Number of protein chains: 2
Amino acid sequence: GLKPSRAGGAGPTQWRQTSAVVVVRAEAINPEIRKTEEKVVDSVVVSELSKPLTAYCRCWRSGTFPLCDGSHVKHNKATGDNVGPLLLKKPKE
Amino acid sequence: GLKPSRAGGAGPTQWRQTSAVVVVRAEAINPEIRKTEEKVVDSVVVSELSKPLTAYCRCWRSGTFPLCDGSHVKHNKATGDNVGPLLLKKPKE
Ligand code: FES
Ligand code: FES
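Note that this is a predicted model, so its numbers are computed, not measured. (Residues numbered from 1 in each chain as written. Chains lettered and ligands numbered in written order. Predicted model: local features only at pLDDT ≥ 70, side-chain atom pairs only at ≥ 80, totals over all residues. Heavy atoms only, no water.)

Draft legend 1. Summary view of the pattern of salt bridges. All told, the structure shown has eight salt bridges over all chains when counted by the stated rule. Here Arg34(A) makes a salt bridge to Asp42(A), at a shortest N to O gap of 2.9 Å. Taking relative accessible area as the criterion, Arg34(A) reaches 28% and is therefore assigned partly exposed. Classification of Asp42(A) by relative accessible area gives buried; the value is 10%. The partner of Asp42(A) in a salt bridge is Arg58(B), with the nearest N and O atoms 2.8 Å apart. You can see Asp42(A) sitting in strand β3 (residues 40-45) and its partner Arg58(B) sitting in the loop between β4 (53-56) and α1 (71-79), one on each of two chains. Connected through shared salt-bridge partners, Arg34(A), Glu37(A), Asp42(A) and Arg58(B) make up one network. (Salt bridge = Lys/Arg side-chain N within 4 Å of Asp/Glu carboxyl O. Buried < 20%, exposed > 50% of the residue type's maximum accessible area, 1.4 Å probe, protein only. Helix = DSSP H or I, 4+ residues; strand = E, 2+ residues; numbered from the N terminus.)

Draft legend 2. Structural view of α1(B). Residues and elements named next belong to chain B. Restricting attention to buried positions, one finds in α1 the residues His72, His75 and Asn76. Taken end-on, α1 shows its buried residues confined to a sector of 95°, consistent with a single buried face. Those residues of α1 that are exposed and aimed more than 90 degrees away from the buried face are Lys74, Lys77 and Ala78. Tucked into the core, α1 has its buried residues touching β5 (83-89). (Arc of directions from axis to C-beta. Contact = heavy atoms within 4.5 Å.)

This is a description of form; function is not addressed.
Below you can see the structure in the form of structure tokens.
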């Protein structure tokens, strides 16, 4: 792309060619949750689930992680992403 | 920060002040999985889990999504991230 250059001092703005490089960077997806842990792994003993349906977060934005609190909606809207929770279903006995 | 500037031509390197701005960009965390779906939600009927331990992916890099295939290890190494799966445990009956 072209960028204004002021190297000429008091004269008119000069334009110099700069290179446009598209870098696909590997990025962390968890900005804040339990960053002191080397790897955030959670366990659910499925027999201990209390409700018929429990949503677990996969967007790493929930305020109640590992549970989903609906924060994926804001994340998807802000980024164009399409992530959502994992639903654990406990059929009625 | 300070950056070397060659604007002076043949003379010694001059240093000009540049601004350091930390931009926290909102980024999608799912690059490839089921992008035609508006929201990727998966359901597990916990009574149908066949193994004592099943790992579900939360890094959006698994080749066997929604299951974890260990791809979080490569993602964490490449990015410095600390994400890992959700483990569903089915106690022996
Ligand atoms: S809040 Fe993270 S998936 Fe819902
Ligand atoms: S492959 Fe995604 S959490 Fe393991």
